[in-house]
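Examination of the molecular architecture
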Amino acid sequence: MCYSAQVRAEHKKFQRVTGSKMTVKEYVRLYWLDEGMDPYAKRPRTPRAMDIGFLRDGPEEVAELIRLWDAKETADLERELFAQRKRVADAERKLLIKVTKKAQEDVRIGTNKLEQIREKLDALRRTEPKASDQRMFPGSFCHVLVSEGGERVMRPMRYQCRLAGKPTSYDRDFSGTYNARRDNLEGFWRGQFGRAHGLIVADVFYENVQGPDGKNRVLAFTPRTGEPMFIACLYSHWTDPKGQEPDLYSFAAITDEPEPEVAAAGHDRTIINIKPEHIDAWLNPAPSNLPTLYAILDDKQHPYYEHREAA
């Protein structure tokens with residue numbers, strides 16, 4: 001299963017490669033934070049490069065919301081930084097008097113947390129994204145290309161599909177719905193296949209494989225020629241029948257039998273990288289014409305996917 005990908009997270013880059021327009025109101029809705037700064041509000045999970053793109057290039061109504069989240073998160077992190085510094089300093093003073101396991105653990109854990117907090121603060125201060133800032137994981141939101149009224153439109157969607165009509169507990173009970181197996185498109189995914197198609201643009205996809213020593217390794221697969229991958233997806237628009245939860249657009253990436261080099265590296269599935277000339281046909285499906293959709297999936301791109309062990 002494709003559990004992560006390095007995507008085109010900056011909206012201007014996504015728009016250039018897809019020729020799409022942006023639904024600004026959907027991004028405002030995604031990032032919305034009341035200026036009262038609810039202390040329990042949760043920031044949407046997005047690749048940091050997506051945030052940086054809006055901060056640098058606008059639109060301003062989206063950038064301002066991200067600045068509010070950044071300020072809130074920075075204040076929270078700085079408070080935690082102070083607490084962990086105190087924890088380490090107190091433990092080091094105790095160790096000067098007597099060596100105890102608790103004091104040693106406080107130094108170890110506190111030092112590790114300090115490093116993690118500094119990394120998060122550094123990410124919030126960056127103005128140019130690193131490669132790692134482009135990563136999306138299940139539960140993250142990223143740009144998805146769809147067709148609306150015959151036009152290519154980019155929308156923010158969550159990478160883990162919650163099917164319409166299902167309860168919110170579905171996310172927990174069916175946690176693997178960030179991928180859709182091709183051999184189950186007319187089964188589990190029959191409500192989306194032929195009806196709600198999208199695609200994401202990625203440069204790298206990541207897979208978990210078992211190494212010779214039996215331990216898990218994360219491999220990064222990249223097309224040798226360096227071209228972007230247009231990954232076929234299915235999506236759903238979920239609404240709360242009680243009207244209490246916000247609407248949710250979410251998606252799953254379609255996977256197929258592995259390319260030979262992916263199988264040789266130890267993984268049994270590969271994303272479907274459709275050809276650019278099929279994009280509009282894929283985004284405008286018809287349930288009555290499934291053979292054409294399968295033909296698009298059959299005629300996918302076959303770049304050689306080089307792999308390396310991810311950091």
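Quick note: structure is the one above.
Summary of the structure given here. (Residues numbered from 1 in each chain as written. Predicted model: local features only at pLDDT ≥ 70, side-chain atom pairs only at ≥ 80, totals over all residues. Heavy atoms only, no water.)

**Regarding the packing of aromatic side chains**
Following the criterion strictly, the structure yields twelve aromatic pairs and no others. When the centroid spacing of 6.3 Å and the interplanar angle of 40° are considered together, the rings of Tyr 235 and Tyr 249 count as tilted. Taken together, the residues Tyr 235 in strand β9 (residues 229-238) and Tyr 249 in strand β10 (residues 248-256) connect sequence positions 14 residues apart. The same class applies to Tyr 235 and to Tyr 249, which are both buried. (Phe/Tyr/Trp six-rings, centres within 6.5 Å; stacked < 30°, edge-to-face > 60°. Helix = DSSP H or I, 4+ residues; strand = E, 2+ residues; numbered from the N terminus. Buried < 20%, exposed > 50% of the residue type's maximum accessible area, 1.4 Å probe, protein only.)

**Comments concerning the pattern of salt bridges**
Per the stated rule, a full pass over the model turns up 38 salt bridges. Between Glu 10 and Lys 13 there is a salt bridge whose closest N-O contact spans 3.3 Å. Between Lys 86 and Asp 90 there is a salt bridge; the shortest N-O distance is 2.8 Å. One end of the pair is Lys 86 and the other is Asp 90, both in helix α4 (residues 60-97) and four residues apart, which spans about a single turn. A relative accessible area of 47% places Lys 86 in the partly exposed class. Several salt bridges converge on common partners, so that one network encompasses Glu 10, Lys 13, Arg 56, Asp 57 and Glu 128. (Salt bridge = Lys/Arg side-chain N within 4 Å of Asp/Glu carboxyl O.)

**Let's talk about the side chain of Asn 179**
Mapped onto the elements of the fold, Asn 179 is located in strand β6 (residues 179-181). A polar contact is formed between the side chain of Asn 179 and the side chain of Tyr 159, at a distance of 3.0 Å. (Polar contact = N/O pair within 3.5 Å; in protein donor to acceptor, adjacent residues only side chain to side chain.)

**A closer look at helix α9 (residues 290-298)**
For α9, every residue scored as buried is listed here: Leu 290, Leu 293, Tyr 294, Ile 296 and Leu 297. Within α9, the buried residues cover an arc of 155° as seen down the axis, which keeps them to one side. On its buried face, α9 sits against β7 (197-210), β9 and α8 (279-283). (Arc of directions from axis to C-beta. Contact = heavy atoms within 4.5 Å.)

**Regarding the packing of α4 against helix α5 (residues 101-125)**
Put simply, α4 and α5 touch, their axes get as near as 8 Å, and they point 155° apart. One way to sum up the angle between α4 and α5 is to call them roughly antiparallel. Helix-helix and strand crossings are classified by hand; for α4 and α5 the assignment is left-handed. Residue composition of the contact of α4 with α5, grouped by class: twelve nonpolar, five polar and 13 charged. (Axes fitted to C-alpha atoms, helices over the stretch in contact; angles between N-to-C directions. Parallel < 35°, antiparallel > 145°, perpendicular 65-115°, else oblique. Left-handed = near helix turned anticlockwise from the far one by under 90°. Nonpolar A, V, L, I, M, F, W, Y, C, P; charged D, E, K, R; others polar.)

**A closer look at unusual backbone geometry**
The omega angle of the peptide bond from Gly 58 to Pro 59 is 5°, so this bond is cis rather than trans. Considering the arrangement of structural elements, one finds Pro 59 in the loop between α3 (48-57) and α4. In this structure, Gln 160 is a non-glycine residue whose phi angle is positive, near 160°. Note on placement: Gln 160 falls in the loop between β5 (151-159) and α6 (170-173).

**Regarding the pairing of β9**
In summary, the side chains of a regular strand alternate between the two faces of the sheet. Within β9, nine of the ten residues are buried, which leaves the element mostly enclosed by the surrounding structure. Note that β7 and β9 share six bridges and pair antiparallel. Residue pairing across strands places Ile 200 opposite Ile 231, the latter belonging to β9. Alignment of β9 against β10, held across six bridges, turns out to be antiparallel. Paired with Tyr 235 across the strands is Phe 251, a residue of β10. (Pairing = 2+ DSSP bridges.)

**So, the nonpolar core**
Counting 80 residues, the largest nonpolar core has Tyr 31, Leu 185, Ile 200, Phe 251, Ile 274 and Trp 282 as its most contacted members. Here Tyr 31 is in contact with Pro 44, Thr 46, Met 50, Asp 51, Phe 54, Val 62, Leu 65, Ile 66 and Trp 69, once residues within four sequence places are set aside. Grouped together as the second largest cluster of nonpolar side chains are seven residues, Leu 77, Leu 81, Val 88 and Leu 121 included. (Core = buried A, V, L, I, M, F, W, Y, C linked by side-chain atoms within 4.5 Å.)

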